[in-house]
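Report on the structure
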Amino acid sequence: MLSGIIVSVGATILGISVVQLANGYLGTLVSITAAASGFPPLAMGIVLASYFGGYTLGAATLGSLLLRVGHVRLFAALAGLVAACIALQPVFTSPAAWVVIRLVTGMGCAGLFLTAESWLNGSATAENRGRVFSLYMVATNLAFGAGQFLINLPAPHGFELFSLAAALFGLALMPVSLTQAQAPTVGRSPRLGIRALRRLAPVAVAGCAAAGLMGSTFYALIPAYAQTQGIPASSISAYIATAIFGGLAFQIPVGRLSDSFDRRLVAAGVAAGFAVCAVVLAMMPFGAWTMLPVTFLLGGFMSTVYPVCVAHANDRVLPEQVVSTSGSLILINGIASFLGPILGTAIMGRVGVAGVFLYVAAVALLFVGLAMWRFVRVRRVRWKDRPFVPVDPSMGQLAHVADDTEMPPGAVREG
């Protein structure tokens, strides 16, 4: 029953949705402010990348802390830490200070998602897990998209929007801290390293890396470029929100396709769709309203590369290795997300925003080539008892951890 699900995990979903409301515009705000403050291109690239670097660090290291202190305490501690970091951004305005602040913010946000999604996984059952995570993804995606429009609120002194984001992180503490629902116990899982995962599912590893490069480059650099072109904040927020809502709209249809056909073929298809959209955007005048339909499609294709690849990886590992697989894929995606804005800034400085779109299109096409090569050479896995679950890496990274059913004998594990 839906009412039972809401009672058990509603506070967690509400808390992380408030976090996403702040995250929805904070990254755009930092990008716009850094550009308006005249940060040098390299410094701006490092500032924008530092969040993803912190996110990767947090995802790789905070699991052990969760085991020691539990869900509620870790969520409360990290929400307070992130709120403090955001409040300090208008006070310490040098690029070096912002690198540290964004690094710690990224670590804190990774821990918040790790805590929330681990809580959801532990509370859900095999019968309701799909509904739990569908509710979670709809709530957090809607909050993330709606948050884009908060950037249009007046900020005459320059600090008001940062203060609002800090306040939202503080408010996110309330539902989680006051819930009467029992947090689940977290157990350790067997480790599966990146090298072993690359042998089992090279397409998944390459796809998660490509998704990190494409997504972080787009969401970090496009607002900064728009600011330098004098495009108003209202138009920038509408542009980014269009991509986010495209991602929300594509999750279920693409998921159904990936449950029916070879996931490598589906991943290649959505990456090819992304590349086409990126090339079209490179040829269009930047800032025109005619870009919005193409951006909607681009956001939809971009946000589905990662979850299809995650589902592909989970088809090929033992049930007890699912959590470890999640950690490895987060690490791969996070490292690529860190590199994306740095490489993209260098390209944008030389050839402008059209070069950025062509760069991410090239990344997507390289992945398409690998996926199709593996599709031709390696036969499809027949067994699929962990279906696609909607998840966008920019919204949180562990929602794809599914059930613990066993793989039947003879299942193919390579691909």
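Here the structure is a predicted model, which is why all the values come from computation and not from measurement. Each chain carries its own residue numbering, running from 1 in the written order of its sequence. Since the coordinates come from a predicted model, pLDDT governs what is reported: local features require at least 70, and pairs of side-chain atoms require 80 or more to be given and counted, while whole-chain, interface and lining totals use all residues. The side-chain values count all of the structure's non-hydrogen atoms but skip hydrogen atoms and water molecules.

A separate point is the environment of Phe296. Working definition: helices are DSSP H or I runs of at least four residues, strands are E runs of at least two. Numbering for both runs from the N terminus. On the secondary structure map, Phe296 appears in helix α11 (residues 291-314). With relative accessibility at 29%, the residue Phe296 sits in the partly exposed group. Measuring from C-alpha to C-alpha, the distance between Phe296 and Ile244 comes to 7.6 Å, with 52 residues separating the pair along the chain. Relative accessibility decides the category of a residue: with a 1.4 Å probe and only protein chains considered, values under 20% of the type maximum give buried, values over 50% give exposed, and everything between is partly exposed.

What follows concerns the environment of Ala267. Within the secondary structure layout, Ala267 lies in helix α10 (residues 263-283). When its relative accessible area of 1% is taken as the criterion, Ala267 is described as buried. Measuring from C-alpha to C-alpha, the distance between Ala267 and Pro307 comes to 9.0 Å, with 40 residues separating the pair along the chain.

Taking 1.5 Å per residue as the helical rise, helix α8 (residues 202-228) with its 27 residues ought to reach 39 Å, and the 39 Å between its terminal C-alpha atoms agrees with that figure. Burial analysis of α8 places 23 of its 27 residues in the buried class, which makes it a mostly covered element. At the exit of α8 stands Gly230, carrying a positive phi of roughly 75°. By this rule the span expected of a helix is its residue count minus one, scaled by 1.5 Å.

The next thing to look at is the state of the cysteines. Cysteine sulfur atoms that pair up within 2.5 Å are treated as a disulfide. Applying the stated criterion to the full structure yields 0 disulfides. The thiol of Cys85 is unpaired, and the distance to the nearest cysteine sulfur, on Cys109, comes to 9.4 Å. Judged by relative accessible area, Cys85 falls into the buried class, the value being 9%. The closest cysteine sulfur to the non-disulfide-bonded Cys208 is located on Cys309, 5.4 Å from its own sulfur. Judged by relative accessible area, which is 0%, Cys208 ranks as buried.

Right, let's get into the pattern of salt bridges. Any Lys or Arg side-chain nitrogen found within 4 Å of a carboxyl oxygen on Asp or Glu counts as a salt bridge. Evaluation of the coordinates by the stated rule reveals 2 salt bridges. Salt-bridge contacts for Asp259 lead to Arg263; the nearest nitrogen and oxygen are separated by 3.0 Å. Here Asp259 falls in the partly exposed class, since its relative accessible area comes to 32%. The exposure class of Arg263 is buried, given its relative accessible area of 1%. Among the salt bridges present, the one from Arg264 reaches Asp262, with a minimum N-O distance of 2.7 Å. Neither residue differs from the other here; Arg264 and Asp262 are each classed as buried.

This next bit is on the side chain of Arg263. When you line up the elements, Arg263 lands in helix α10. Think of a polar contact as two N or O atoms within 3.5 Å of one another; within protein, one of them needs to be a possible hydrogen donor and the other a possible acceptor, and neighboring residues in sequence only count if both atoms come from side chains. A polar contact of 3.0 Å, which involves the side chain of Arg263, links it to the backbone oxygen of Ser258.

What follows deals with the confidence of the model for the chain. Mean pLDDT over the chain works out to 83, with 83% of the residues at or above the 70 mark. What pLDDT expresses is the predictor's confidence in each residue, scored from 0 to 100. Every residue pair with non-hydrogen atoms within 4.5 Å of one another is taken to be in contact. Low confidence marks residues 394-415, where pLDDT is under 50. Its contacts with residues over four positions away, or in another chain, come to 82 contacts.

Now for the environment of Cys85. Take Cys85: it is sitting in helix α3 (residues 71-88). It is 7.4 Å that separates the C-alpha atoms of Cys85 and Val104, two residues lying 19 residues apart in sequence. Not counting chain neighbours up to four residues away, the residues in contact with Cys85 comprise Ile101, Val104 and Thr105.

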